[in-house]
Each structure stands twice: as structure tokens, then as C-alpha cells.
Amino acid sequence: MLAMSHDCCQFFAGPDHTLDDFQCMMTRLVERDDSQYSYLNTEVALAEDGELMGICVTYDGGQLHRLRKAFVSAALEAFGIDYSKMDDETQAGELYVDSLGVVENFRNQGVATALLRSAVQKAEQMQLPAVGLLVDADNPCAERLYQNVGFAYVNDAVWGGHVMHHLQFKVMD
């Protein structure tokens, strides 16, 4: 949830549920091994004392439909909302950065940049030609961060009720 706006989280929870309800559902998805939000797909940045600095959730975009089944099922159970017809936010051929979040007191210290560079290394190891992500069109600061790391604009998309920019880092041409 750190990686999404409160409006986006509320959009997925629906008008009859709270952000706490959404957090409970997301926590269950993180605990699973068959979810796009799984701990298996999450890199964690820790401070020397073990304090959480940030996270980056990535997965092979070609696996989106298989991994999304857990989210669709959980949202239907928790909120009575069917997201099975939701637009794809990624595709085969890219390691998708689903979520990137840095704890507030660790922002502007290079944590997000390090997590993104790690995602690029993961894509190289997986022999995927690109790393892709969506950034809210209303978040130019985040978009600048991604561009400074080497991501470039590909196209526009709508996700979670927001206009997003699809950016990619080309790992191999």
C-alpha cells in the first residue's frame, strides 16, 4: 500500500470498505506464494539496524494472468468486486515493477534507485529484455526518478482509475 495512493487503494476496496479492509486483503496476498504481491516477488531494503527502508515487488509480466488470479479471488471474497476483466498493466517480455515504496524517513537517500537497479539486474538474470512499470501521470517526481535511472516513456494506460505512464528500462536490445 505504501506504493499506491490512498485513492487507488480505496478504488480497489470499493465504497463500502475501508483502507484497513484493503490492507488486510493485501497482507494475505503477500503471505501467499501464488500472488503477484507474494513475498517471493518482493525485495526488501533494510537499514543496518534491520529497520525497513523500502520494498520492490517485481515479476515476469508474462505471468500476470496466473499471478493475478489470487488478487481477483481475494477481492471477490473481501469486497464482492470482480476484477477479472481488469486491464493488463504489463505483458510478456518485461520484468514488471508492480510496487515500489520507500518508508518516508528513508526517502531521498537512494533507496528507490538501488531497488530499481536491483530490478534491472533481476531482469538480466531472467533474460527479460526490459523492466516496465506504471507511474501515475499526476506524479512527475516519481517519473523523474524513473527517468534518472534510465526508464523511458512507452505509452499511456489507465489503471486503478488513474491515467498512468508506462515506462520501460531496456535491458537488452
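Everything numeric here is computed off the predicted structure, so don't read it as measured data.

Brief notes about the overall build of the protein
Okay, step 1: Along the protein, the regular secondary structure elements total five helices and six strands.
Okay, step 2: In terms of overall size, the protein behaves like a compact globule, its C-alpha atoms giving a radius of gyration of 16 Å where 173 residues would be expected to give roughly 16 Å.
Okay, step 3: Over its C-alpha atoms, taken along the principal directions, the protein stretches across nearly 40 × 40 × 30 Å.
Okay, step 4: Relative to its full complement of 173 residues, the protein shows a buried share of 46%.
Okay, step 5: A gap of 5 Å separates the mean positions of the 11 positive and 26 negative side-chain charges of the protein.

Points about the side chain of Asn41
Okay, step 1: With respect to the element layout, Asn41 can be found in the loop between helix 2 (19-31) and strand 1 (42-46).
Okay, step 2: Of note is the side chain of Asn41, whose polar atom sits 3.4 Å from the backbone oxygen of Gln36.
Okay, step 3: Setting aside chain neighbours within four positions, we find Asn41 in contact with Ser35, Gln36, Cys56, Val57, Thr58, Tyr59, Leu67 and Lys122.

With respect to the pairing of strand 3 (residues 94-102)
Okay, step 1: The buried fraction of strand 3 is high, at nine of nine residues.
Okay, step 2: One ladder, built from seven bridges, connects strand 2 (residues 52-60) with strand 3; its direction is antiparallel. The partner of Thr58 across the bridge, within strand 3, is Val97.
Okay, step 3: Pairing between strand 3 and strand 4 (residues 130-136): four bridges, direction parallel. Across the sheet, the residue bridging to Leu95 is Val131, located in strand 4.
Okay, step 4: Between the parallel pair strand 3 and strand 4, the chain is carried across by helix 4 (residues 111-125), and the sense of this crossover is right-handed.

Focus on the sheet that holds strand 3
Okay, step 1: Pairing is mixed across the open sheet formed by six strands, whose spatial order is 1-2-3-4-6-5. A strand with exactly one partner marks an edge of an open sheet, and here the two such strands are strand 1 and strand 5 (152-159). Direction aside, the axes of adjacent strands within the sheet are offset by 30° on average.
Okay, step 2: Here seven bridges tie strand 4 to strand 6 (residues 162-170), and the two strands are oriented antiparallel to one another. Bridged to Asp136 within strand 6 is Met164.

Observations regarding the packing of aromatic side chains
Okay, step 1: Taken as a whole and judged by the stated rule, the model has nine aromatic pairs.
Okay, step 2: The structure contains a cluster of three or more aromatic residues connected by ring pairs, namely Phe11, Phe12, Tyr37, Phe71 and Tyr83.

Concerning unusual backbone geometry
Okay, step 1: Unlike most non-glycine residues, Asn108 shows phi in positive territory, near 65°.
Okay, step 2: Inspection of the secondary structure assignment puts Asn108 in the loop between strand 3 and helix 4.

A few points about the pattern of salt bridges
Okay, step 1: Throughout the structure, instances matching the rule amount to three salt bridges.
Okay, step 2: Here Arg32 and Asp34 are joined by a salt bridge, their closest N and O atoms 2.8 Å apart.
Okay, step 3: Across the pair Asp88 and Arg68 runs a salt bridge, and its minimum N-O distance is 3.6 Å. With Asp88 in the loop between helix 3 (64-79) and strand 3 and Arg68 in helix 3, the pair connects residues that are 20 residues apart, well separated along the chain.
Okay, step 4: Taken together, the shared-partner salt bridges in this structure form one network comprising Arg68, Asp88 and Glu89.

Points about the nonpolar core
Okay, step 1: If you look at the biggest cluster of nonpolar residues, it comprises 27 residues, and the most contacted ones within it are Val97, Leu100, Leu116, Val131, Leu133, Tyr146 and Phe151.
Okay, step 2: Of all the secondary-structure elements, those providing two or more residues to this core are strand 2, strand 3, helix 4, strand 4, helix 5 (140-149) and strand 6.
Okay, step 3: Looking at this core element by element, the count peaks at seven residues for helix 4.
Okay, step 4: By size, the runner-up hydrophobic cluster in this structure holds 25 residues, among which are Leu29, Phe71, Phe79 and Tyr96.

Rules and cut-offs
Residues numbered from 1 in each chain as written. Predicted model: local features only at pLDDT ≥ 70, side-chain atom pairs only at ≥ 80, totals over all residues. Heavy atoms only, no water. Helix = DSSP H or I, 4+ residues; strand = E, 2+ residues; numbered from the N terminus. Rg over C-alpha atoms; globule rule 2.2 N^0.38 Å. Buried < 20%, exposed > 50% of the residue type's maximum accessible area, 1.4 Å probe, protein only. Lys, Arg positive; Asp, Glu negative; His and termini not counted. Charge placed at Lys NZ, Arg CZ, Asp CG, Glu CD. Polar contact = N/O pair within 3.5 Å; in protein donor to acceptor, adjacent residues only side chain to side chain. Contact = heavy atoms within 4.5 Å. Pairing = 2+ DSSP bridges. Right-handed = clockwise from strand over helix to strand, strands pointing away. Axes fitted to C-alpha atoms, helices over the stretch in contact; angles between N-to-C directions. Phe/Tyr/Trp six-rings, centres within 6.5 Å; stacked < 30°, edge-to-face > 60°. Salt bridge = Lys/Arg side-chain N within 4 Å of Asp/Glu carboxyl O. Core = buried A, V, L, I, M, F, W, Y, C linked by side-chain atoms within 4.5 Å.

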